[in-house]
Amino acid sequence: MHIGIAGAGLLGRLLALELSRAGHRVDVFDPAGGPGPKAESDSAAAAWTAAGMLSPVAELECADARVFAWGLRSCYLWPSIVHGLGEPVGLSLHGSLLLAHRGDAGAAQRVVSLLQSKAGAPYQPKLLDAKRLAELEPSIQGPALSWLLPCEGQIHTVQAMQALAVQATRQGTHWHWRSTVHAVEPGLLRVQTQRSVRPESAEVIRLAQPELGDSLRFDHVFDVRGIGARPQLPVRGVRGEVFWLHAPGVQLSRAVRLMHPRHTVYIVPRPDDMLVVGASEIESEDRSPVSLRSTLELLSAAHSVIPELAEARVVHSETNLRPALPDNLPLLTREPGITRINGLYRHGWLVAPAMVEEALAGGLS
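For clarity, every value in this text was computed on a predicted model and none was experimentally measured. (Residues numbered from 1 in each chain as written. Predicted model: local features only at pLDDT ≥ 70, side-chain atom pairs only at ≥ 80, totals over all residues. Heavy atoms only, no water.)

Visitor: Please explain the sheet that holds strand β2 (residues 25-30) as it appears in this structure.
Guide: Strand-to-strand pairing in sheets goes through backbone hydrogen bonds, with the strands running parallel or antiparallel. Taken in spatial order, the six strands make up an open sheet running β9-β2-β1-β13-β20-β19, and their pairing is mixed. Among the strands making up the open sheet, the edge pair consists of β9 (174-177) and β19 (331-335). The sheet shows a mean angle of 15° between the axes of neighbouring strands, direction not considered. Where strand β1 (residues 2-6) lies against strand β13 (residues 220-223), four bridges are found, and the strand directions are parallel. Opposite Gly-4, over in β13, you have Val-221 as the bridge partner. Along the sheet face, helix α7 (residues 348-360) touches β13, β19 and β20 (338-342) and points at about 15° away from the line of β19. (Pairing = 2+ DSSP bridges. Helix = DSSP H or I, 4+ residues; strand = E, 2+ residues; numbered from the N terminus. Axes fitted to C-alpha atoms, helices over the stretch in contact; angles between N-to-C directions. Contact = heavy atoms within 4.5 Å.)

Visitor: What am I meant to see in the packing of helix α1 (residues 10-21) against α7 here?
Guide: When two helices pack together, their arrangement is captured by the angle between the axes and the distance separating the axes. Contact geometry for α1 and α7: axes closest at 10 Å, N-to-C directions at 40°. Taken together, the axes of α1 and α7 lie oblique to each other. Of the two possible hands of crossing, α1 and α7 adopt the one that is right-handed. When α1 is examined against α7, the residues Leu-10, Leu-11, Leu-14, Leu-15, Glu-18 and Leu-19 are found in contact with a partner set consisting of Gly-348, Trp-349, Ala-352, Pro-353, Val-356 and Leu-360. Residues that form the contact of α1 with α7 fall into these classes: 10 nonpolar, one polar and one charged. (Parallel < 35°, antiparallel > 145°, perpendicular 65-115°, else oblique. Left-handed = near helix turned anticlockwise from the far one by under 90°. Nonpolar A, V, L, I, M, F, W, Y, C, P; charged D, E, K, R; others polar.)

Visitor: I'm lost on the state of the cysteines in this one. Help?
Guide: Summed over all chains, the structure comprises zero disulfides. The thiol of Cys-75 is not disulfide-bonded; the next cysteine sulfur, from Cys-151, is found 7.8 Å away. According to the relative accessible area criterion, Cys-75 is buried, its value standing at 10%. (Disulfide = S-S within 2.5 Å. Buried < 20%, exposed > 50% of the residue type's maximum accessible area, 1.4 Å probe, protein only.)

Visitor: What's the story with the pattern of salt bridges in this structure? I'm lost.
Guide: Taken as a whole and assessed by the stated rule, the structure comprises 16 salt bridges. The shortest N-O distance in the salt bridge between Glu-135 and Arg-132 comes to 3.2 Å. In this pair, Glu-135 and Arg-132 both sit in helix α4 (residues 130-136), three residues apart, roughly one turn of the helix. For Glu-135, a relative accessible area of 48% puts it in the partly exposed group. Residues Arg-236 and Glu-283 are paired through a salt bridge, measuring 2.7 Å at the closest nitrogen-oxygen approach. With Arg-236 in strand β14 (residues 236-246) and Glu-283 in the loop between β17 (274-279) and α6 (292-305), this residue pair connects regions lying 47 residues apart in the sequence. Accessibility expressed as a relative area gives 22% for Arg-236, which makes it partly exposed. (Salt bridge = Lys/Arg side-chain N within 4 Å of Asp/Glu carboxyl O.)

Visitor: Mind showing me how you'd approach the confidence of the model for the protein chain here?
Guide: Do not read the predicted coordinates in detail wherever pLDDT is low. Here the protein chain shows a mean pLDDT of 91. Residues at 70 or above account for 93%. Predicted confidence for residues 196-212 stays below pLDDT 50, and this span has 41 contacts to residues more than four positions away or in other chains. (pLDDT = per-residue confidence, 0-100.)

Visitor: Looking at this structure, how should I read the environment of Ala-51?
Guide: Position of Ala-51 relative to the elements: it lies in the loop between β2 and β3 (53-54). For Ala-51, a relative accessible area of 4% translates into the label buried. Distance in space between the C-alpha atoms of Ala-51 and Glu-357 is 23 Å, their sequence separation being 306 residues. Setting aside residues up to four positions removed in sequence, Ala-51 forms contacts with Ile-155, Thr-157, Tyr-266, Val-268, Arg-270 and Val-276.

Visitor: Got a minute to help me understand the side chain of Thr-319 in this structure?
Guide: If you trace the backbone, Thr-319 turns up in strand β18 (residues 313-324). According to the relative accessible area criterion, Thr-319 is buried, its value standing at 16%. Among the polar contacts made by the side chain of Thr-319, one reaches the main-chain carbonyl oxygen of Arg-287 at a distance of 3.1 Å. Among residues more than four places away in sequence, those in contact with Thr-319 are Thr-49, Arg-239, Gly-240, Glu-241, Arg-287, Ser-288, Pro-289 and Val-290. (Polar contact = N/O pair within 3.5 Å; in protein donor to acceptor, adjacent residues only side chain to side chain.)

Visitor: What am I meant to see in the sheet that holds strand β11 (residues 188-193) here?
Guide: The strand order β10-β11-β12 describes an open sheet built from three strands, whose pairing is antiparallel. Only two strands of the sheet have a single neighbouring strand rather than two, namely β10 (179-185) and β12 (214-217). Neighbour to neighbour, the strand axes of the sheet diverge by 30° on average, direction disregarded. Inspection of the sheet shows β10 paired to β11 by six bridges, in the antiparallel sense. Across the sheet, Val-181 pairs through a bridge with Val-191, a residue of β11.

This is the structure we're talking about:
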């Protein structure tokens, strides 16, 4: 079949990978300038900014049983996906940690009780004493309470996004950058493309640009545009902010969530002595740089549980908007000629593989 995909974020790349592997002819359209992370700020996919936490248990704080099931399935699928990419992608599934200082113990206990009531016995948070926490993560010091959340982990988002594009290209996917899809209908994409666009690398990206304002017909189309799907879907943007820290000597192997009066602050390890620090969500569509308030709150919170971060270097900060629907839950709809996936909110890396698997189950019509 000839497949059109609107959106080259995480969902678009996973779809391109699976569909091209199955032998379909795949064309992907996206307003970004190219396949890498340095696209324009108003068109960069939210997946680039995410820390890549794979946390089906922790997300039960705000998600439903369907997100939990998709998350568990995705944690099963990610190793085989990464193995088939042919490019290095950091992936760890050795659990994550939930931490709380004494002043936030009550709120943390309520969250843990909620997780315990929603998760089955194999997945429930396990309370750690100070000795056990020190054995698992010697750089963490100071929190009054800590829990290990099994079956969780993290993926290196930048490496994964790049590797997905490269492998899908090897399999014959055609990428159309600087191409804005204005509407998606069954079997049809309405596309406007900027002319005089060249691929970033002829060996990786093949361009076959449509004419300006074309209505392009396909056997089946996928709408995975995130907030670009407005007004066809009632999607809003939820601001996310992250810092990249270079912290030589800090020993951290698991993703960490710290309960905070205003945020849930996360700290995620990456190779080469790097850590990603961020907050789960801010209800705003502001794309401006990280604020002073966020900088002080997030980095102070991270330092409060890993004192060695006092000498870390802030090497990068960025913001982006996550696509969320009114109920903050993902949407997957299938009709003849069209499939829509949207509203992944803060669950994108957690649920995307399972949602793509479900979208493709039983074939396309």
